[in-house]
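# Results of the structural survey
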Amino acid sequence: MTDNFTANNQPLHHLVTIAEQFKPEGQVTNVQQYGSGNINCTYLVTLNNQQLFILQRLNTQVFRQPRLVMDNICTLSNFVRPRLENFTFPANRRWIFPLVLSTPNKQHHLIAQDGSFWRAMSFIDNSQSFDTIQDIHHGQEIGYGLGMFHELINDLPIEQLADTLEGFHITPGYLEHYKAVIAETKIKKSPEINYCLKFIGDRPDLPYILENAKASGKLKLRTIHGDPKINNFMIDCSTNQAVAMIDLDTVKPGLIHYDIGDCLRSGCNRLGEETDLWEEVTFEPELAQAILQGYLQIAQAFLTENDYDYIYDSIRLLVFELGLRFFTDYLEGNVYFNVNHAQHNLARALVQFKLTESIEAQEAVIRKIIHDLR
Ligand code: ADP
Ligand code: GN1
Ligand code: MG
């Protein structure tokens, strides 16, 4: 085979060799780059029998113990699959948990000659994910999807899962790191950078809201998804219903508020997190209403009074936190998130800070929505 390269410079023959190790049956005929994640590299593999599967190279700079990530996903799979078999779905509903594919010697991953770490998952048929919210119905469905996922994992004891990304969503930790970075970085000021610096400086108490609630016992650790952004929900192409959650690398112990906040963060911004029109970004309450209504259809069965009390704070905090993470990564020279250009993480931070501003300006409206859905 000639040395064709995929868009992110992986030689195709190298990818085919790796994909061959996971193929359920048949011959690999194509491997193409797929999706738009910020951390891992994802490929769609086609077999000669027309079957598809997903091949991914894990980012081991982010996930330092990738075997534990796969152990967690398998623990989750063993817990959820039997539950799904006995689950009574409302009419016409389906829910799929992707299957981890094994290598011939029954491993859940493969380490290539260059040390890279690979895994494969079954393809969720007749479904697609979206980078931006499509409409109110899409909002209801991602809310329902998150509720369904939480319902399925609610009783999975956190002791069975490893902490594969220490400090993930612990906002005070991100703030400490940010402070260390600005102390040692010569920052070339610009109006955008000044806006970010001031934005963070003006909100000294915000980073502590959820961690304080956790420390005081008001919120408890549970099993969470960790990364329920809009393109991690698979939507059925025929029914437009949510049918799966993917991107399970961050399933681990945490606060469900990290998930609730992150889902609304990405689902209530119609321009999406990659927009260049950061000054026009707004948080749309009617989308929040739709997502929460979909979520609560299922989650009201397991949410406590304290859980409801912190929903508004979780939305505001998770948006701010991601802005802080993007901005810090920009200042550090883009060491964590995949970027297309040097200013990419700055542009992303501006979007999240503008979204935080919009949430703060509509606090009363958002709190009323949460109150009325209780
Ligand atoms: P990342 O961690 O880089 O975000 P994801 O696991 O979210 O990677 O995968 C990237 C994209 O690939 C998803 O947004 C989705 O469109 C597609 N994808 C991932 N897993 C599957 C799957 N099992 N079935 C169908 N599509 C998938
Ligand atoms: C990353 O891998 P992806 O693109 O789904 C990040 C999330 C951020 C998100 C922002 C492990 O998710 O925390 O919210 O980018 N994942 C990790 O787009 O850091
Ligand atoms: Mg993803």
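Residues numbered from 1 in each chain as written. Chains lettered and ligands numbered in written order. Predicted model: local features only at pLDDT ≥ 70, side-chain atom pairs only at ≥ 80, totals over all residues. Heavy atoms only, no water.

The domain architecture assigned to the protein chain consists of domain 1 (12-123) and domain 2 (136-373). One C-alpha centre belongs to domain 1, the other to domain 2, and the line joining them spans 25 Å. Facing the 31 residues of domain 1 at the interface are 35 residues of domain 2. On the domain 1 side of the interface with domain 2, the three residues burying the most area are Asn 38, Arg 93 and Trp 95, jointly 26% of the side's total. The interface formed by domain 1 and domain 2 includes four salt bridges. Measuring nitrogen to oxygen at the nearest pair gives 2.8 Å for the salt bridge that ties Glu 141 to Arg 93. Our count for the domain 1 to domain 2 interface comes out at 11 residue pairs in polar contact (both at pLDDT 80 or more). Looking at the side of domain 1 that touches domain 2, the elements that each hand over two or more residues are helix 2 (66-85) and strand 6 (117-122). For the side of domain 1 that touches domain 2, the element with the highest residue contribution is helix 2, accounting for 10 residues. (Domains from an automatic or database assignment. Contact = heavy atoms within 4.5 Å. Buried area = accessible area lost by both parts, 1.4 Å probe. Salt bridge = Lys/Arg side-chain N within 4 Å of Asp/Glu carboxyl O. Polar contact = N/O pair within 3.5 Å; in protein donor to acceptor, adjacent residues only side chain to side chain. Helix = DSSP H or I, 4+ residues; strand = E, 2+ residues; numbered from the N terminus.)

Surrounding ligand 2, one finds 19 residues, the nearest of these being Asn 38, Asp 227, Lys 229, Glu 273 and Tyr 336. At 3.4 Å, a side-chain N or O of Asn 232 approaches an oxygen atom of ligand 2. Measuring from an oxygen atom of ligand 2, one finds a side-chain N or O atom of Arg 325 at 2.8 Å. Contact with the protein chains hides 98% of the accessible area of ligand 2, taken as 440 Å² for the molecule alone. Within the residue set of the shell around ligand 2, elements represented by two or more residues are helix 7 (256-267) and helix 10 (311-332). Per-element tally for the shell around ligand 2: the top contributor is helix 10, with three residues. A per-class count over the shell around ligand 2 returns eight nonpolar, four polar and seven charged. (Near = heavy atom within 4 Å. Areas by Shrake-Rupley, 256 points an atom, 1.4 Å probe, with all protein chains shown as cover. Nonpolar A, V, L, I, M, F, W, Y, C, P; charged D, E, K, R; others polar.)

Below, the discussion takes up the sheet that holds strand 9 (residues 233-236). Within the open sheet, the three strands sit side by side as 7-9-10. Their pairing is antiparallel. Of all strands in the sheet, those bounded by a partner on one side alone are strand 7 (127-128) and strand 10 (242-245). In this sheet, strand 10 lies alongside strand 9 in antiparallel orientation, the contact comprising three bridges. Counted as the bridge partner of Phe 233 is Met 245 from strand 10. (Pairing = 2+ DSSP bridges.)

Before going further, it helps to examine the coordination of the magnesium ion (ligand 3). Asn 232 (OD1) and Asp 247 (OD) make up the full set of protein donors to the magnesium ion (ligand 3), lying at 2.2 to 2.3 Å. Here Asn 232, found in the loop between strand 8 (222-224) and strand 9, pairs with Asp 247, found in the loop between strand 10 and strand 11 (252-254); they are 15 residues apart in sequence, far enough to count as distant. By relative accessible area, which is 27% here, Asp 247 ends up partly exposed. (Donors = N, O, S within 2.8 Å, 3.2 Å for Na, K, Ca; no water. Buried < 20%, exposed > 50% of the residue type's maximum accessible area, 1.4 Å probe, protein only.)

What follows concerns the nonpolar core. Burial of nonpolar side chains together is a common tendency in soluble globular proteins. Within the largest apolar cluster, 97 residues are counted, with the highest numbers of intra-cluster contacts made by Leu 76, Leu 264, Phe 283, Tyr 295, Leu 303 and Phe 327. The leading source of residues in this core is helix 10, at 13 residues. Counting the residues that make up this core, at least three belong to each of domain 1 (12-123) and domain 2 (136-373). One finds Leu 15, Tyr 43, Leu 47 and Ala 112 within the second-largest nonpolar core, a separate group that totals 19 residues. (Core = buried A, V, L, I, M, F, W, Y, C linked by side-chain atoms within 4.5 Å.)

The next subject is the site of ligand 1. Around ligand 1 sit 16 residues, and of these Gln 56, Ser 122, Ile 124, Ser 129 and Asn 232 come closest. Taking Ser 129, its side chain carries an N or O atom lying 2.9 Å from an oxygen atom of ligand 1. Separating an oxygen atom of ligand 1 from a side-chain N or O atom of Asp 247 is a distance of 2.9 Å. With the chains in place, 94% of the 550 Å² that ligand 1 exposes on its own is no longer accessible. Considering only residue class, the shell around ligand 1 consists of six nonpolar, nine polar and one charged. Taken together, domain 1 (12-123) and domain 2 (136-373) each give at least three residues to the shell around ligand 1, which thus spans both.

This paragraph deals with the environment of Ile 73. Note that Ile 73 resides in helix 2. Not counting the four nearest positions on each side in its chain, Ile 73 is found in contact with Val 100, Arg 119, Met 121, Leu 248 and Asp 249.

Here we take up the pairing of strand 2 (residues 41-47). Counting buried positions along strand 2 yields seven of seven residues, so the element is predominantly enclosed. In strand 2, alternate side chains face the same way, and those of Cys 41, Tyr 43, Val 45 and Leu 47 on one face and Thr 42, Leu 44 and Thr 46 on the other are all buried. Relative to strand 3 (residues 52-57), strand 2 runs antiparallel, the two being bridged by six bridges. When the sheet's bridge partners are listed, Thr 46 is paired in strand 3 with Leu 52. In textbook terms, the turn of a hairpin is the stretch between consecutive antiparallel strands, and for strand 2 and strand 3 this stretch comprises four residues, one of which, Gln 50, has a positive phi near 75°.

Let's shift gears to the environment of Leu 292. Among the structural elements, Leu 292 can be located in helix 8 (residues 285-299). When sequence neighbours within four positions are dropped, the list of residues in contact with Leu 292 reads Ile 260, Leu 264, Ile 311, Ile 370 and Leu 373.

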